[in-house]
Structures are given as structure tokens and as C-alpha cells.
Amino acid sequence: MERSIYVIGDIHGDYNVIDARFGDHLHSDTKEKIDVLFVAGDAGFINSYETSDSKSKRIKHLNNLPFIIIVVLGNHENYDIIESLDECVIFGGKCYKEKDVDVYYAKNGQIFDIDGTKFFTFNGGLSIDKETRLEHEKKYGIKLWWPQEVKTEDFQMAFTNYFTNRIDYVITHDVPLSIFNKLIPFIPGRFKNQTCPLQDFFQKLYLMKNFTHWYAGHYHPSYPVTIDDLTVLPIGYVTKIK
């Protein structure tokens, strides 16, 4: 059976959006998990305020989807919990995996080789609402911001992985600096003064042109915006890669 590969924009914890995009017929007890769904950051599946009931519901729902789900982490993720999970390898890429859930959280700078098609991934993005999130934590004791959202210490390792492989597709949350500058007319105003070390790092990768197409999320455009060979996905928007 030929495998299909998809990528979806930010989900922000609303896993029901996957049903809305693909249809309820996806929930099947008999369909084998062959197809792959990448999340381009801010999946938000794991959070600081999840109850045992909501966790059980989430696990059941995600396990019923006929996808191998690979999450590229954004800035609104619970990095502390995710990085405490067991590590594993899928399609040659290193991931964290929550017990009993068919979801894989990519580590930084990974290469996923899916039936000969290579995907490079890198996590993170800048939280422009950092101060609000820190105030919320101070007031309510619920952590909503994590410094791991930008891990500059992983740049060299990721660059080596990228440079030594012929990449077909890149999936990140943020975008290269030159794309960000062109993206400004299409995104909400709150993002327009954002600067982030990830953008500079991605710019170096982008200029090497070692890929066919690049997909990202983070900026919440009202429709998919393609600039040159990079597409920024709206919240919950799905596109089929192959």
C-alpha cells in the first residue's frame, strides 16, 4: 500500500481539528497506521493543566487516528514533560514518545527517511506573549513558557545533519529571516516586530537550497502563504506532501 504524507499547521491542543480536516471516517479500528501526519509546531497535545480524564480522552482520540503522527515542536509546548519522555527512533529520526500514545515528538535537527523521501525538522519559535505567560505562572502556578523554545546549542548538530543529506522537505515552526521579511504583509500585526535566532539559523540552511520545499507554521496567516519555495500554513490547515 502506498503511503501518504501530510503536514498540518498549528493545532494548539485542539486535536479535533484533525477530524474536521480529514473527516470522521478516519476513526477506524481496522485501518493500519501507514500514512504519516507531521505537525508544523504548536501541537499542544501535552499541557500543564491536563486532568486524568482529559488525558485519557486525548490518548484514545489520537490512537484512533490512522496516522503515524510526528510533531515538530513549536513555542507553545510543554518541553519539560516532553523531554522527560522515553526516547525512540522512527524513520531514522530521534524522538520522544509518550507511553501508550501513537505520537512522536521530534528532537532537534532530525532526518526522517520515509520510503526514500527525506524530511529535515527543527523545533521551536519565539513566544511573543512570554511576559503574559510568565505573569500567569506567577499568579496561578501553572507553567506556560519554556526556555527550550529556542535551543541555539543544537544549531551545529542540526547543520551537520542538514549539510550531509540531500533533503526533500523541511518542516519547522518558524521561518528563515528573508521569508519572514516577505511574510509581514500576510500575518497578524503582533508578529511583525519579532526577531529570533532561529530565523538567522534557518536563513543559513535556506540559502544552501538543499531541499525541494519547506513548510512552517507559527504565524497564523488566514490562508496558506507560499513565498518562493516555502509555505506557511494557517492554524489547522492540512496539505498533502505526497
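Now for a quick tour of the structure. In every chain, residue numbers begin from 1 and rise along the written sequence. Where local features are concerned, this predicted model is filtered to residues with pLDDT of at least 70; where side-chain atom pairs are given and counted, the filter is 80 or more; whole-chain, interface and lining totals use all residues. Side-chain measures were taken over the full set of non-hydrogen atoms in the model, leaving aside hydrogen atoms and water.

1. Some thoughts on unusual backbone geometry
- With a phi angle near 55°, Phe91 is a residue other than glycine that sits in the positive phi range.
- Along the chain, Phe91 falls in the loop between β4 (86-90) and β5 (93-97).
- A positive phi angle, near 55°, is found at Asp115, a position not held by glycine.
- Structurally, the position occupied by Asp115 is in the loop between β7 (110-114) and β8 (117-122). Runs of E in the DSSP output that reach at least two residues are strands. Runs of H or I that reach at least four are helices, and both are numbered from the N terminus.

2. Regarding the nonpolar core
- Core analysis: the biggest nonpolar cluster contains 29 residues, and Phe120, Phe122, Val175, Trp214 and Tyr219 have the highest contact counts within it.
- When contributions to this core are tallied by element, the ones reaching two or more residues are β8, α5 (155-163), α6 (177-183), α7 (197-208), β10 (213-216), β11 (225-227) and β12 (230-232).
- Of all the elements, α7 adds the most residues to this core, at five residues.
- Those residues in contact with Val175 that lie beyond four places of it in its chain are Phe180, Gln199, Phe202, Ala216, Tyr219, Leu230 and Val232.
- The definition of a nonpolar core used throughout is a set of buried Ala, Val, Leu, Ile, Met, Phe, Trp, Tyr and Cys residues joined through side-chain atoms within 4.5 Å. Think of it in three bands: with a 1.4 Å probe and only protein chains considered, a residue is buried below 20% of the maximum accessible area for its type, exposed above 50%, and partly exposed in between. One finds Ile8, Leu73, Val101 and Val238 within the second-largest nonpolar core, a separate group that totals 28 residues. Here, residues are in contact when the closest pair of their heavy atoms is within 4.5 Å.

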